[in-house]
Amino acid sequence: MILNSRQAAVAYRCPYCGINTISMVGIFSLSGDMFKLKCKCGKSELTITYTSDRKIRLNVPCLICPNSHNYVISSNTFFEKESFNLSCTYTSVEICFIGTHEVVMEELKKSDIELNNMLQEAGLDDFDFLKNELPLNDPQIEDIVRYMLVELDEEGKLKCECEHHGESMYDFEFRDNSVDIFCRTCGASQKIPMLSVTNANDFLHCDGLNLKKRSKKPKPPNV
């Protein structure tokens, strides 16, 4: 089944009140300013922009992460597919549904059942625990940092200034709102924000780290 190329249904679940919000979006509604799909509670909104190269840019509130996710898809995918869903970058939980009105409604029902099952299995009422700040000594965060240091080092993606000066020895230390990754041999380091499980997952998906020595502040001139 092919959609009318001029419109598609778009839906998302508000991370604050949990209500599903759905609207028909047409090509003409995207030809001007940014299209905003707002939840009735007023605390969240999904935005859609039609770019100059005929792509559709979406900013979608996430049920799990504290920040929205950005996606760019082709206009053909947006307007012509019967069903197309967008998922949270970190958990694969579907957070946006695009397609015909009938199919999107069915996808929302299926998603509701899956989310309820996930919560029941975890013994939770909602996903707010992932949005909250965690103590830096939380075992989840420490395990992620330790795991990534080993992985990056083994893959040669963790580098410092020891290349020509000796054997590197990598370690980390938690500070106020971050973790310092450093080399005990040369002293090069890098600070990584670490406020929540989401920050830890950002670190888990990093491609590599290049530790640098911090430049010393110049001494004031003698008077």
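This part is about the pattern of salt bridges. Think of it this way: side chains of opposite charge can pair up when their charged atoms draw near. For the structure on display, the rule yields five salt bridges. Its salt-bridge partner being aspartate 171, residue arginine 184 comes within 2.7 Å of it at the nearest N-O pair. Residue arginine 184 is located in the loop between strand S11 (178–183) and strand S12 (189–193), and its partner aspartate 171 is located in strand S10 (residues 170–174); the two are separated by 13 residues in the primary sequence. Accessibility expressed as a relative area gives 52% for arginine 184, which makes it exposed. Among the residues examined, aspartate 171 registers a relative accessible area of 21% and is labelled partly exposed.

With that settled, the discussion passes to the confidence of the model for the protein chain. When pLDDT is averaged along the protein chain, the result is 79; 76% of the residues meet or exceed 70. Confidence scores differ between elements of the protein chain, with helix H4 (residues 197–204) showing the lowest mean pLDDT of 64 and strand S8 (residues 94–99) the highest of 94.

Of the strand pairs in this sheet, strand S3 (residues 35–38) and strand S4 (residues 45–50) are connected by four bridges, and their pairing is antiparallel. Paired with leucine 37 across the strands is leucine 46, a residue of S4. In this antiparallel pair of consecutive strands, S3 and S4, the connection spans six residues, and glycine 42 shows a positive phi of 80°. Note: S4 against strand S5 (residues 55–60), four bridges, orientation antiparallel. Residue pairing in the sheet places isoleucine 48 in a bridge with leucine 58 of S5. Remark: four residues form the turn of the hairpin made by S4 and S5, two consecutive strands paired antiparallel; arginine 54 in that turn has positive phi of roughly 65°.

Thresholds, definitions, all that
- Residues numbered from 1 in each chain as written.
- Predicted model: local features only at pLDDT ≥ 70, side-chain atom pairs only at ≥ 80, totals over all residues.
- Heavy atoms only, no water.
- Salt bridge = Lys/Arg side-chain N within 4 Å of Asp/Glu carboxyl O.
- Helix = DSSP H or I, 4+ residues; strand = E, 2+ residues; numbered from the N terminus.
- Buried < 20%, exposed > 50% of the residue type's maximum accessible area, 1.4 Å probe, protein only.
- pLDDT = per-residue confidence, 0-100.
- Pairing = 2+ DSSP bridges.

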